[in-house]
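# Fold and geometry: a report
Letter by letter, the chains look like this.
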Amino acid sequence: MMMTSRERFLKVLQGEMPDRVPVTLFIQDQGHFLNQNYPHVDPWDFETLQLKVIELQKQLGADVFVRMLFGVNDPFFIHFGGLNIYRQTENWEVKTVEHQNGNTRVLHSTIRTPGGTLTQEFSINELFPGTYMYARTQKPIHNMKELEIAIQYEPSMPPEWPAQVKARVQKIKQAVGEDGIVGSWTPHGPFNNASLLIDHDELYALFKMDYEYYEKLMNFAMQRILPYTRAIDDAGVDIHCVGGNVPNAMVGKRNYDKYILPFEKKYIEFVQAQGTPAMYHNCGQVMALVDSYKELGVRVAEPFSPYPLGDADLEKVKQQVDGAYIILSGIDQVNVLQKGTMDEVKRATEKAIKIGKPGGKFILQPVDFLEYGTPIENVAAYVRTALEYAAY
């Protein structure tokens, strides 16, 4: 009997064999490919944008997978980093000054506490109408003293936040119905979160140079987001998308396993504690960490980007993983889907699904979100070709 898309996804996420490989798309819920197809939708109307993600995938014949980022990760610091400037207490006084620099809106925040003053900067760059790039352009923590100030005084999650998130998730989940699943960009893994609090150059050396400071930072980076993670889980998402791209294979397997994996594993255990699977996202170099992700204990890993986006060889990944976790991967969304011919899309799709399909535990998807300027004809060809070879 043919399964619904929801049944198909859930079967795979449970480690069981579905009727066919789920064939889905990664469409970011603001800007990019979504803005290309719906240019008149308000880019700040997150609910409408997420409904359009559903509509577009259904029109293309894909199994729907909505990754909720905007509206769930609100206020932005939960996902995009920095300290909480959206809530004040008598010991946490925030003043934010906003200015425009060309196409970039810059928010400079000063946080005054009894222990001292912290500053941070957040920038929103409009690449073209309706599509934005977000970045923490000045990190708030530079030393142990500033870390201790943040630990002692940063306000906790607002009490009304869980109910707000649940209402948003349930509305989108109802709209998806049996046509697929709803995931959330749940707060990142600890190393990713730490990279949004201190400069990358310092973080990559910190575990060797000052482990006491590093350990305290990593624990803070994890503990401060646990209430948000649990609230998102209680909201009813089907899967948690967890960022793990900053500690990619560039750090080396030995360093990852010794200094990063223990913290990431502890967080993944918390994320999956109530049974909802986590999907660990590393869109950079990955081949040296394929076995490390077995120890991580994550249910799904993605996206295993091929060269030149990353260093993954899907055939080798499939052999090496050997069913230890579910692989979500597919074709290059830039050099094939966006820039390639339709024949190149078809060949790449056929190759990817034939590699990933044997033995199950595989979801086919372009390896990252669809870029602005991707021909919808190429996306349709990807879906059609995948469905030709998807049945078990």
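Residues numbered from 1 in each chain as written. Predicted model: local features only at pLDDT ≥ 70, side-chain atom pairs only at ≥ 80, totals over all residues. Heavy atoms only, no water.

## Details of the overall build of the protein
Inclusion rule: Helix numbering and strand numbering both begin at the N terminus, where a helix is a DSSP run of H or I of at least 4 residues and a strand a DSSP run of E of at least 2. With C-alpha atoms as the basis for the radius of gyration, the globule rule is written as 2.2 Å multiplied by the number of residues raised to the power 0.38. Buried means the residue's accessible area, taken with a 1.4 Å probe over protein chains only, is under 20% of the maximum for its type, while exposed means over 50%, and partly exposed covers the values in between. A contact between two residues is defined here by any heavy atoms of the two lying within 4.5 Å. Residue burial considers only the protein chains on display, and all accessible areas are found by Shrake-Rupley using a 1.4 Å probe. Residues scored as charged are limited to Lys and Arg (positive) and Asp and Glu (negative), so that His and the chain ends carry no count. Where a charge lies is defined by one atom per residue type: Lys uses NZ, Arg uses CZ, Asp uses CG and Glu uses CD.
The helix and strand tally for the protein stands at 16 helices and eleven strands. Relative to the 2.2 N^0.38 estimate, which gives 21 Å for 392 residues, the radius of gyration of the protein is 21 Å and therefore close to what a compact globule would have. Based on the C-alpha atoms only, the size of the protein along its principal axes is roughly 65 × 50 × 35 Å. In the protein, buried positions account for 57% of the 392 residues. Residue pairs in contact within the protein that sit at least 24 positions apart in sequence constitute 71% of those at least 6 positions apart. Carbon together with sulfur atoms contributes 49% to the accessible area of the protein, which is approximately 15,900 Å² in total. Side-chain charges of the protein comprise 39 positive and 48 negative groups, with the mean position of each set lying 3 Å from the other.

## A few points about the packing of aromatic side chains
The geometry of an aromatic ring pair comes down to the distance between the two centres and the angle between the two planes. Under the convention used in this document: Between 30 and 60 degrees the pair is tilted, below 30 it is stacked and above 60 it is edge-to-face, where a pair is any two Phe, Tyr or Trp rings, Trp via its six-membered ring, whose centres lie within 6.5 Å. By definition, being over a ring means that NZ of Lys or CZ of Arg is both within 6 Å of the ring centre and within 35 degrees of the ring normal.
By the definition in use, this model includes 22 aromatic pairs. Between F80 and F122, the ring centres sit 6.2 Å apart and the planes meet at 45°, which makes this aromatic pair tilted. Residue F80 is located in helix α4 (residues 77–80), and its partner F122 is located in strand β4 (residues 116–128); the two are separated by 42 residues in the primary sequence. Grouping residues by exposure puts F80 and F122 together as buried. Considering the side-chain rings of Y132 and Y134, the 6.4 Å spacing of their centres and the 45° angle between planes classify their relative orientation as tilted. Among the residues examined, Y132 registers a relative accessible area of 13% and is labelled buried. Linked through ring pairs, W44, F46, F70, F80, F122, Y132 and Y134 together constitute an aromatic cluster. Here the guanidinium or amino end of R67 rests over the ring plane of F26, the centre of that ring lying 4.0 Å away.

## Points about the layout of surface pockets
Put simply, the test is: Using a grid of 1 Å spacing that covers the protein atoms alone, one calls a set of points a cavity when a 1.4 Å probe fits there but cannot get out, and a pocket when the set is open and has protein on both sides within 12 Å along at least five of seven lines; lining residues are those with an atom within 4 Å of a point. Grid points are joined across faces, edges and corners, and a volume is the space filled by probe spheres set on the points.
Considered as a void within the structure, the largest pocket measures approximately 810 Å³ in volume. In terms of lining, the largest pocket is formed by 28 residues, of which the most central are Q28, H79, F80, Y134 and F369. Elements with a minimum of two residues in the lining of the largest pocket: α4, β5 (131–138) and α7 (190–195). The dominant element in the lining of the largest pocket, judged by the number of residues it contributes, is β5, at five residues.

## Concerning the sheet that holds β4
As a reminder, the rule being used: In this description, strands pair whenever DSSP reports at least two bridges between them. Fitted lines through C-alpha atoms serve as axes, helices being fitted only where they are in contact, and the angles separating the N-to-C directions of these axes extend from 0 to 180 degrees.
With respect to topology, four strands assemble into an open sheet ordered β2-β3-β4-β5, the strand pairing being antiparallel. The sheet is open, and its two edges are formed by β2 (93–101) and β5, each paired on a single side. Between one strand axis and the next, the sheet turns by 20° as a mean value, whatever way the strands run. Where β2 meets strand β3 (residues 104–113), nine bridges bridge the pair, whose relative direction is antiparallel. Its bridge partner being in β3, V97 is matched across the sheet by H108. Against the sheet, helix α5 (residues 144–153) makes contact with β3 and β4, and its axis sits at roughly 90° relative to β4, the strand it touches most.

## Points about the packing of helix α3 (residues 46–60) against helix α6 (residues 161–176)
To keep things clear, this is the line we draw: Angle categories are assigned with fixed cut-offs, so that under 35 degrees is roughly parallel, over 145 is roughly antiparallel, 65 to 115 is roughly perpendicular, and the rest are oblique. Two helices cross in a left-handed way if the nearer one is turned anticlockwise from the farther one by less than a right angle. They cross in a right-handed way if the turn is clockwise. Gly is placed with the polar residues, together with every amino acid not listed as nonpolar (Ala, Val, Leu, Ile, Met, Phe, Trp, Tyr, Cys and Pro) or charged (Asp, Glu, Lys and Arg).
Direction vectors running N to C along α3 and α6 enclose 25°, while the axes themselves pass 10 Å from each other. By the angle class used here, α3 and α6 are roughly parallel. Crossing handedness for the pair α3 and α6: right-handed. Residues E47, Q50, L51 and I54 of α3 form the contact with α6, whose own contacting residues are K171, I172, A175 and V176. Partitioned by chemical class, the residues of the contact of α3 with α6 number five nonpolar, one polar and two charged.

## Regarding the nonpolar core
The condition is simple: As used in this record, nonpolar core signifies buried Ala, Val, Leu, Ile, Met, Phe, Trp, Tyr and Cys residues forming a set joined through side-chain atoms within 4.5 Å.
One finds Y214, Y256, Y293, F304, L364 and Y382 to be the most contacted residues of the largest nonpolar core, which totals 129 residues. Looking at this core element by element, the count peaks at eight residues for helix α11 (residues 253–271). Sequence-distant contacts of Y293, defined by excluding residues within four places in its chain, comprise Y256, Y280, N282, V286, V298, A301 and Y325.

## Concerning the side chain of D29
The following threshold applies: Polar contact criterion, stated in full: a pair of N or O atoms within 3.5 Å, where within protein one must be able to donate a hydrogen and the other to accept it, and residues adjacent in sequence count only if both atoms are side-chain atoms.
Within the fold, D29 resides in the loop between α1 (5–13) and α2 (32–37). Within the structure, D29 has its side chain in polar contact with the backbone nitrogen of L69 (distance 2.9 Å).

## Some thoughts on the sheet that holds strand β8 (residues 278–282)
Read from one edge to the other, the open sheet built from seven strands follows the order β1-β6-β7-β8-β9-β10-β11, with strand pairing classed as parallel. Unpaired on one side and paired on the other, β1 (64–68) and β11 (362–364) mark the two borders of the sheet. The sheet shows a mean angle of 25° between the axes of neighbouring strands, taken without regard to direction. Sheet contacts for helix α13 (residues 314–321): β10 (326–329) and β11; angle to β10, the most-contacted strand, approximately 170°.

## Digging into helix α15 (residues 342–356)
Condition: Here a helix's expected span is defined as the number of its residues, less one, multiplied by 1.5 Å. Relevant arc is that of directions from the helix axis to the C-beta atoms, nothing else.
Over its 15 residues, α15 extends 21 Å from the first C-alpha to the last, a length consistent with the 21 Å expected when each residue adds 1.5 Å. Three or more residues of α15 are buried, namely V345, T349, A352, I353, I355 and G356. Projected onto a plane normal to the axis of α15, the buried residues spread over an arc of 155° and lie on a single side. In α15, those exposed residues whose orientation departs by more than 90 degrees from the buried face are R347 and K351. Buried residues along α15 sit in contact with α13, α14 (333–338), β11 and α16 (376–389).

## Some words on the side chain of Q365
With respect to the helices, strands and loops of the structure, Q365 is situated in the loop between β11 and α16. Residue class for Q365 comes out buried when judged on its relative accessible area of 0%. Within polar-contact distance, the side chain of Q365 engages the side chain of R67 at 3.0 Å. Excluding anything up to four places from it in sequence, Q365 contacts T24, L25, F26, F65, R67, E302, L328, S329, G330, I331 and Y382.

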